[in-house]
Amino acid sequence: MNTLAVEGELRPVNPATLEPVGVVAVTDDVAPVVAAAASAQSEWAGSSFDDRRALLERVSRVLVARKAEIAATVTAETGKPIVESYTTELMLGVEQVAWLAKHVERVLAPERIRYGIRYLAHKRARILYEPLGVVALIAPWNFPFSIPLSQTASAVAAGNGVVLKPSELTPLSGQWIARVFEDAGAPTGLVGVVQGGPDTGASLVRSPGIAKVVFTGSVENGRRIAAEAADLLRPVILELGGKDPMLVLRDADLDRAVEGAAWGSFANCGQVCVGIERIYVARDVHARFVDALVERTRSLRIGNGGSPDIDLGPLITERQRDRVEDLVAQALERGAEALTGARRPNVGLPGWFYEPTVLAGGDPESRLEREEVFGPVVSVLPFDDEDEAVRLANGSRFALGASVWSRDVKRARRLASCIDAGMVWTNDLGISYGAGSAPWGARKESGTGVTHSKHGLYAMSNVKLVDSDRGRIKVPWWYPYDSGALDGFEGVLELLHGEDALRGAWPHRRGLMHLVGRYLRR
Ligand code: NAD
């Protein structure tokens, strides 16, 4: 743990320096925070789209005004390079808020629909997207600001209240979410935060008054939360682990692919749900690619994330470094070769650093190849043809993101359609996280449900149909039932959907006339 265990308090520690970052009280009882969010939400549910847009625009401005403080908190708690606190936390987060401000009305405004059925042509109907109530967000430590920020903004844009439980490893980063909404003038209590570990999270999931749970974290805990929520019949969105494959085709721009591989594997010290953990390279270019990736990896600078001139910080906890070391040791025992890394660097700091590691020739059955490593380790394998590349990519129980690298965009798109994943990027990776129009979701054990985009807004809403009928036209399939009506309905089916409409309906003309009579009778 990198929080010092003190009764009733969380004391996050900088994983690079092991210095304390602050003290946060554990929330004894989540109920008052949920109640405050519910009370604020009951008014917020009636807010206009203008109100919601204005709040989100103010959130963006507060975020920009306080960017240096937020970035410093995130880097102190996670050890990630300060540049990444700007790019993957602030920039991705604010883009989501800005998109929501601009598009929430278009997506969630009442939608007129037509049934498209001839005998219901007189009807009018609307789909309403109504708020759910209070949404519980349970967040991880790896992106402790951008993930809960985008989820909170989406929930609030849809008229909901939020209670967020940040990771116990990054409570101060999570606290910023409530602070920016508060500073932006959100109704008091609308965005609440509860602090603590799994027990606090479990209380929140179970808390009466929670309409939906959005959990971002490990598969193991996602399973627990899904089971708990199933018992309560409470809907959940699960954003879980990944083991993203990168497919480098023979015609790829190798320089770009190597740069992408280094960043995709080692950004945030490899602790990224869509981090690249498996690289499959066309055999013709495999050796060149591997040599260049090893050289690039050796040039990465490791150190204290507070410095703008480092590329990699430490792992989040000692336990996580131990786990990465175990997985690598087992992979080496089972025949993998460490082309670089596979050891602790000497950076003159006491934190939980690990050298970025490129492995080759691994046993596909080793734990490292099968589990999410969540550290700066990537394995590289050659493939002979596209079918094999797709088979390798899909040969995992995870299916979050994937990337295809090729100069032929059509070919990349074709392969993308064969890959099991929630997102497939071409000659890039992860970038759509900040794009409000782009959905974020997964398949297989990487999760269920979607956040971001119009689909994320729908997921934060109750969908309601309101049918409008002036009540002037009779409904012929109400009582009484009789043989004339039955004959008529046979005729209707033939007339509207039969192969030879008129001829098929003809034998049922008496029944059809019977129905017409019902329409006309007052
Ligand atoms: P974790 O599962 O350990 O914890 C996540 C959160 O859940 C924390 O706030 C924790 O306190 C809480 N929690 C744990 N057990 C709980 C329980 N039984 N009931 C309620 N709450 C509980 O995950 P982590 O280590 O913080 O995050 C890393 C994992 O998250 C990785 O697997 C990563 O791939 C995944 N992740 C996924 C996405 C995505 O978009 N799919 C994004 C980021 C991280």
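For the structure, see preceding data.
As the structure is a prediction and not an experimental result, all values here were calculated from the model.

Draft legend 1. Quick peek at the site of the ligand. Lining the immediate environment of the ligand, one finds 29 residues, of which Ala139, Glu168, Ser218, Leu240 and Glu372 sit closest. Within the side chain of Trp440, an N or O atom sits 2.8 Å from an oxygen atom of the ligand. Contact with the protein chains covers 91% of the free accessible surface of the ligand, which is 850 Å². Of all the elements in the fold, those that place two or more residues in the shell around the ligand are helix H7 (198-206), strand E8 (210-216) and helix H8 (219-232). Residues of the shell around the ligand, tallied by class, amount to 15 nonpolar, ten polar and four charged.

Draft legend 2. Quick look at helix H3 (residues 67-78). In this model, H3 (twelve residues) spans 16 Å end to end at C-alpha, consistent with the 16 Å of a helix rising 1.5 Å per residue. When H3 is considered as a whole, its buried residues turn out to be Ile70, Ala71, Thr73, Val74, Thr75, Ala76, Glu77 and Thr78. As for H3, its buried residues are in contact with helix H2 (49-65), helix H4 (82-108) and helix H6 (171-183). Backbone geometry just after H3 places Gly79 at a positive phi near 80°.

Draft legend 3. Structural context of helix H10 (residues 283-298). Here H10 contains 16 residues, and its C-alpha end-to-end distance of 23 Å stays within 8% of the 22 Å for a straight helix at 1.5 Å per residue. Within the span of H10, buried status applies to Val285, His286, Phe289, Val290, Leu293, Val294 and Thr297. Taken together, the buried residues of H10 touch strand E10 (244-248), helix H9 (254-266), strand E11 (276-282), strand E12 (337-340), strand E13 (357-360) and strand E14 (377-383).

Draft legend 4. Expanded view of the packing of H3 against H6. At their nearest, the axes of H3 and H6 sit 8 Å apart, and the two run at 155° to each other. The orientation of H3 relative to H6 falls into the category roughly antiparallel. With respect to the hand of their crossing, H3 and H6 are arranged in left-handed fashion. Contacts from Glu69, Ile70, Thr73, Val74 and Glu77 of H3 reach H6 at Pro171, Leu172, Ser173, Trp176 and Val180. Its residues placed into classes, the contact of H3 with H6 shows six nonpolar, two polar and two charged.

Draft legend 5. Fine view of the nonpolar core. Counting residues in hydrophobic clusters, the biggest one holds 65 residues, and the most contacted among them are Val248, Ile279, Phe289 and Leu293. Examining the composition of this core, we find that six residues originate from one element, H9, more than from any other. Excluding its chain neighbours within four sequence positions, the residues that come into contact with Val248 are Leu254, Ala257, Ile279, Tyr280, Val281, Ala282, Phe289, Phe383 and Trp405. Within the second largest apolar cluster, 51 residues are counted, among which are Leu56, Ile82, Ile127 and Leu132.

Scoring rules and cut-offs
- Residues numbered from 1 in each chain as written.
- Predicted model: local features only at pLDDT ≥ 70, side-chain atom pairs only at ≥ 80, totals over all residues.
- Heavy atoms only, no water.
- Near = heavy atom within 4 Å.
- Polar contact = N/O pair within 3.5 Å; in protein donor to acceptor, adjacent residues only side chain to side chain.
- Areas by Shrake-Rupley, 256 points an atom, 1.4 Å probe, with all protein chains shown as cover.
- Helix = DSSP H or I, 4+ residues; strand = E, 2+ residues; numbered from the N terminus.
- Nonpolar A, V, L, I, M, F, W, Y, C, P; charged D, E, K, R; others polar.
- Expected span 1.5 Å × (residues − 1).
- Buried < 20%, exposed > 50% of the residue type's maximum accessible area, 1.4 Å probe, protein only.
- Contact = heavy atoms within 4.5 Å.
- Axes fitted to C-alpha atoms, helices over the stretch in contact; angles between N-to-C directions.
- Parallel < 35°, antiparallel > 145°, perpendicular 65-115°, else oblique.
- Left-handed = near helix turned anticlockwise from the far one by under 90°.
- Core = buried A, V, L, I, M, F, W, Y, C linked by side-chain atoms within 4.5 Å.

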